[in-house]
Amino acid sequence: MRIGILGSGLMGGKLGTIWARAGHEVVFSYARSDEKLKKLARDAKGKARPGSPREAAQEADALLLAVHWSRLDDVLKQTGDLSGKVIVTCSLPMNADDTGLVIAHTSSGAEELAKMIPKPRVVSAFGTVPSEVLFDVYEAKRKTGRPSLVYCGDDKRAKAVAVELIRDAGFDPVDAGPLRIARYTEPFTLLVAQLAYEGNRGPEMAYRFEWF
Ligand SMILES: NC(=O)c1ccc[n+]([C@@H]2O[C@H](COP(=O)([O-])OP(=O)(O)OC[C@H]3O[C@@H](n4cnc5c(N)ncnc54)[C@H](OP(=O)(O)O)[C@@H]3O)[C@@H](O)[C@H]2O)c1
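Everything quoted here is computed from the prediction, not taken from an experiment.

Peer 1: Can you walk me through the site of the ligand in this structure?
Peer 2: Surveying the vicinity of the ligand reveals 21 residues, the closest of which are Met-11, Arg-32, Lys-36, Val-67 and Ser-131. Interatomic distance of 3.4 Å between a backbone N/O atom of Tyr-30 and an oxygen atom of the ligand. The separation between an oxygen atom of the ligand and a polar main-chain atom of Cys-90 is 3.3 Å. Residues of the shell around the ligand, tallied by class, amount to 11 nonpolar, seven polar and three charged.

Okay, structure coming up:
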């Protein structure tokens, strides 16, 4: 797959690296320095390169949106038309100091994003795990008992793309249903963050749902 990374920070930088190592073609975009994008592409090895958000979006089979909520308008302005593009978002609608959600309960960041794009194909995924665990999960990928990763969306084809990306990153995808379920998955992340950053076992943690 050709994957465009919009926001090459903790989440985008790591997931882009993982997907490049898994054999995908990755374009890293949207950081404050071109040097950082070049280094990410170099270090990811595989088929990775730096680019502008527009270049990342062009011909992409999937885009990962991984920017702070306050940067959403800016990055969308730079990508150009995203109608019909598969967008996997891990971006949470957090306030400026990351202490709370600015959208919740009656809508979600993922739904608001979908409203901004004509013919949206948005999937909410990856936002429920801390960036610190991503490489560990990827490296442990062949073992049994993979951690779960919930995802949701309204477009079947986009969800199939997300499933592939979730599996390639070493997680077990759990379909949580339509995009409006992001109203529950986004606040769930605040629980995960509490355990990861305020607990005493460190942020290298993920979760697993079990059915009996
Ligand atoms: N971090 C986590 O563990 C985690 C977990 C779940 C969900 N999320 C969500 O995922 C999203 C991304 O989080 P993150 O932690 O990856 O954020 P981050 O590390 O701050 O990455 C954001 C990216 O946006 C770039 N950026 C910021 N301002 C910019 C500007 N003015 N011009 C160009 N580029 C700019 C940053 O550039 P630089 O690289 O130069 O800083 C960085 O590459 C957020 O919505 C967050 O809520 C994060």
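The structure having been displayed, the exposition proceeds.
Peer 1: Looking at this structure, how should I read the nonpolar core?
Peer 2: Most often, soluble globular proteins keep nonpolar side chains buried together rather than apart. Ranked by internal contacts, the top residues of the largest apolar core, which has 44 residues, are Trp-19, Phe-28, Phe-126 and Phe-171. The element contributing the most residues to this core is helix H7 (residues 156-168), with six residues. Beyond its immediate stretch of four places on either side in the chain, Phe-126 contacts Met-11, Leu-15, Trp-19, Val-88, Cys-90, Leu-149, Leu-165, Ile-166, Ala-169 and Phe-171. Membership of the second largest hydrophobic core comes to 25 residues, among which are Ala-56, Leu-82, Ala-110 and Cys-152.

Peer 1: Can you help me understand the environment of Arg-146 in this one?
Peer 2: One can find Arg-146 in the loop between helix H6 (134-139) and strand S7 (148-153). Put simply, Arg-146 and Lys-36 are 110 residues apart on the chain and 31 Å apart in space, counted from C-alpha to C-alpha. Not counting residues within four places of it along the chain, the set of residues in contact with Arg-146 comprises Lys-141, Arg-167, Gly-170, Phe-171, Asp-172 and Arg-208. Looking at Arg-146, its side chain comes within polar contact range of the main-chain oxygen of Arg-167, at 3.1 Å. Engagement of the side chain of Arg-146 in a polar contact is seen with the backbone oxygen of Phe-171, the distance being 3.4 Å.

Peer 1: What am I meant to see in the packing of aromatic side chains here?
Peer 2: The geometry of two aromatic rings is summed up by the distance between their centres and the angle between their planes. This model, assessed by the stated rule, comprises five aromatic pairs. Between Trp-19 and Phe-126, the aromatic rings sit 5.5 Å apart at their centres with planes inclined by 75°, giving edge-to-face as the arrangement. Of this pair, Trp-19 sits in helix H1 (residues 10-21) while Phe-126 sits in the loop between strand S6 (121-125) and H6, placing them 107 residues apart in sequence. Through pairs of rings, three or more aromatic residues link up here, namely Phe-188, Tyr-207, Phe-209 and Trp-211.

Peer 1: Mind showing me how you'd approach unusual backbone geometry here?
Peer 2: Leaving glycine aside, a negative phi is the common case for residues, and trans is the common case for peptide bonds. Even without being glycine, Tyr-30 reaches a positive phi, approximately 65°. Along the polypeptide, Tyr-30 turns up in the loop between strand S2 (25-29) and helix H2 (34-44).

Peer 1: Could you clarify how one ought to interpret the sheet that holds S7 in this entry?
Peer 2: Within a sheet, adjacent strands bond to each other through the backbone by hydrogen bonds, running parallel or antiparallel. Spatial strand order, S3-S2-S1-S4-S5-S6-S7-S8: eight strands in an open sheet with mixed pairing. If you trace the sheet from one side to the other, it starts and ends with strand S3 (47-50) and strand S8 (172-175), each paired once. This sheet shows a mean twist of 25° between the axes of neighbouring strands, independent of strand direction. Packing of H1 onto the sheet brings it into contact with strand S1 (2-6), S2, S3 and strand S4 (62-65), and relative to S2 it is tilted by some 160°.

Peer 1: Explanation requested: the packing of H1 against H2 in the structure shown.
Peer 2: Between two packed helices, both the angle of their axes relative to each other and the distance between the axes serve to describe the pair. Two elements in contact, H1 and H2, have axes whose closest approach is 9 Å; the angle formed by their N-to-C orientations is 35°. Regarding H1 and H2, the two cross each other, and that crossing is right-handed. For the pair H1 and H2, the contacting residues are Gly-13, Thr-17, Ala-20 and Arg-21 in the first and Leu-40, Asp-43 and Ala-44 in the second. Partitioning the contact of H1 with H2 into residue classes produces three nonpolar, two polar and two charged.

What counts as what
Residues numbered from 1 in each chain as written. Predicted model: local features only at pLDDT ≥ 70, side-chain atom pairs only at ≥ 80, totals over all residues. Heavy atoms only, no water. Near = heavy atom within 4 Å. Polar contact = N/O pair within 3.5 Å; in protein donor to acceptor, adjacent residues only side chain to side chain. Nonpolar A, V, L, I, M, F, W, Y, C, P; charged D, E, K, R; others polar. Core = buried A, V, L, I, M, F, W, Y, C linked by side-chain atoms within 4.5 Å. Buried < 20%, exposed > 50% of the residue type's maximum accessible area, 1.4 Å probe, protein only. Helix = DSSP H or I, 4+ residues; strand = E, 2+ residues; numbered from the N terminus. Contact = heavy atoms within 4.5 Å. Phe/Tyr/Trp six-rings, centres within 6.5 Å; stacked < 30°, edge-to-face > 60°. Pairing = 2+ DSSP bridges. Axes fitted to C-alpha atoms, helices over the stretch in contact; angles between N-to-C directions. Left-handed = near helix turned anticlockwise from the far one by under 90°.

Any functional reading would require information beyond the geometric quantities listed.
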